[in-house]
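As a plain string of letters, each chain reads:
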Amino acid sequence: MNAVESTGLVKAFGKKRAVDGLTVQICENRITGLIGRNGAGKTTFLKLIAGYLKPTRGSVDVFGKNPFDNLDVSNNLIFVDDGMAFSQSFTLGEIIAEMPRFYRNFDLELATKLLDYYSLDKKQRTAKLSKGMRSSFNAIIGISARAAVTIFDEPTTGMETAARKDFYRALLKEYIAFPRTVILSSHLLGELSGLLEDIVLIDSGRLVTVMSADEAATYAIGLRGGEKQVGELAGERQVLYREDFAAGVYLVVKGGLAPEEAARAQKLGVEVTPVEADDLCIYLTQKDKGGIDSALRRE
Amino acid sequence: MKISGDAMTPIYMRIAQMLEDLILDGSLKEDERVYSQYQLAEMFNINPATAAKGLNLLADEGTVYKKRGLGMFVSADARERILKKRRDGAFKEMARQLVLEAKRLQIDKEKLIDEIRHIYESGAGE
């Protein structure tokens, strides 16, 4: 069964459609990355899945159920973002001690160990934490909850590199030990791509594509060299990005190169480079084929 | 631990290559159990599905075989299979690159063969 299914999902805030006809399925028990630019609709989509928002049109189902105002879904879904609010009447230690009331599988022992590891004071309250520490605390709650659907919206905001790496590792190990559906939105795809199984790429509230993380690794290639030579090699392929520079051009095209084509590239002196998933997502969602340089160019 | 290999190859292929290397150098012997997808996931910090893909690639090529409920094991002829695959594939490609580079640097055929002979005989890799 699919953990999440959305059909023609629309969410409008006044005239603005944050989600604009999104139809996508997210497989259960996988780690899926929801990738897109700022303003692409990631947070709105996740909130619709979590039942925090009601669709304007279309539908979204979590394990076949409408998540809005649904206790069944609520019990089995946790949504972690930096807006995650906890009462200031409780200390961190008290919060985690109460979590099993809300999430029956909450691993208190794990949460306690993680609090220590992150040097978070059990007697502290969340308002007193730095941004990075608060993200870490929210992440600890999210991982320890062992909820069937675990959603993280930009969970690493403010976290330093070491803390982020630890978060991904803790998430991976706990996911292996206790499988669940994980949906992670981030724009730091580069450091995430080993962790993800699937990638859902959205732009302007709509689906661009769904692919597996390893499909993303070989989806496109970069060709750099003289314009004519690169053009010959590129042929009829779809161009995702173009950058002109003095000595030639850099083209990102869909697909890979067959061995004969690779040989031809060498003969022509065209450099062939891989396109990493994070760059790929930028190229697939960009507005202007020229990138920032076109804005910086002086006439 | 980081997986070696170039960024041009997807992670699951690099996992497969790494396991092949271990079989070739004798670290993994025939009929010995190979790491599971979960062990590989933990070792390299990757999604177990990706690790599984690498293992399945080797299984499809006959380099490893599956024992129901026990995991993946190194095939009896695994070494020969890997050697053959690499001789026909990656090695030929490497040789082609070498020739192309030699031509680009204007090293003639005789000089190139001499150079290779010299390196081979000087005991490289022993």
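Engineer: Where do I start with the overall build of chain B in this structure?
Structural biologist: The secondary structure content of chain B amounts to five helices and two strands. Ordered by position in the sequence, the α and β elements of chain B form the string α-α-α-β-β-α-α. Relative to the compact-globule value of 14 Å for 126 residues, chain B shows a C-alpha radius of gyration of 18 Å, a clear excess of over 25%. Once the C-alpha set of chain B is aligned to its principal axes, its extents read approximately 55 × 30 × 25 Å. Counting across all 126 residues of chain B, residues that qualify as buried make up 31%.

Engineer: Would you mind going over the domain arrangement of chain A with me for this structure?
Structural biologist: The figure often quoted for interface size is the accessible area lost as the parts come together. Residues and elements named next belong to chain A. Domain parsing of chain A yields domain 1 (2-214) and domain 2 (218-296). Each of domain 1 and domain 2 has a C-alpha centre, and the two are 35 Å apart. Contacts between the two partners involve twelve residues from domain 1 and, on the opposite side, eleven residues from domain 2. Summing both partners gives a buried area of about 900 Å² for domain 1 against domain 2, and 65% of it is carried by carbon and sulfur. The interface formed by domain 1 and domain 2 includes zero salt bridges.

Engineer: Where do I start with the packing of aromatic side chains in this structure?
Structural biologist: The description of an aromatic ring pair uses the distance of the two centres, along with the angle that the planes make with each other. Residues and elements named next belong to chain A. Applying the stated criterion to the full structure yields eight aromatic pairs over all chains. Centre to centre, the rings of Phe-86 and Phe-137 are 5.4 Å apart; their planes meet at 75°, and the pair counts as edge-to-face. Of this pair, Phe-86 sits in the loop between strand S5 (77-80) and helix H3 (92-102) while Phe-137 is found in helix H5 (residues 131-144), placing the two residues 51 residues apart along the sequence. With relative accessibility at 0%, the residue Phe-137 sits in the buried group. Arranged with centres 5.7 Å apart and planes meeting at 50°, the rings of Phe-167 and Tyr-168 form a pair that is tilted. Tyr-168 gets classed as buried once you look at its relative accessible area, which sits at 10%. Three or more aromatic residues joined by ring pairs make a cluster, and in this case those are Phe-152, Phe-167 and Tyr-168. Seen from the ring of Phe-178, Arg-146 lies directly overhead, with NZ or CZ sitting 3.6 Å from the centre.

Engineer: How should I be thinking about the pairing of strand S12 (residues 248-254) of chain A in this particular structure?
Structural biologist: It is a general feature of regular strands that their side chains alternate between the two faces of the sheet. Residue and element names in this part refer to chain A. Burial analysis of S12 places six of its seven residues in the buried class, which makes it a mostly covered element. In this structure, strand S10 (residues 220-225) lies alongside S12, joined through six bridges in antiparallel fashion. Looking at S12, one finds that Gly-225 is bridged to Val-249. Summarising the sheet, strand S11 (residues 239-245) and S12 pair through six bridges and their orientation is antiparallel. Bridged to Glu-243 within S12 is Tyr-250. Connecting the antiparallel pair S11 and S12 is a turn made up of two residues.

How each quantity is defined
- Residues numbered from 1 in each chain as written.
- Chains lettered and ligands numbered in written order.
- Predicted model: local features only at pLDDT ≥ 70, side-chain atom pairs only at ≥ 80, totals over all residues.
- Heavy atoms only, no water.
- Helix = DSSP H or I, 4+ residues; strand = E, 2+ residues; numbered from the N terminus.
- Rg over C-alpha atoms; globule rule 2.2 N^0.38 Å.
- Buried < 20%, exposed > 50% of the residue type's maximum accessible area, 1.4 Å probe, protein only.
- Domains from an automatic or database assignment.
- Contact = heavy atoms within 4.5 Å.
- Buried area = accessible area lost by both parts, 1.4 Å probe.
- Salt bridge = Lys/Arg side-chain N within 4 Å of Asp/Glu carboxyl O.
- Phe/Tyr/Trp six-rings, centres within 6.5 Å; stacked < 30°, edge-to-face > 60°.
- Lys NZ or Arg CZ within 6 Å of the ring centre and 35° of its normal.
- Pairing = 2+ DSSP bridges.

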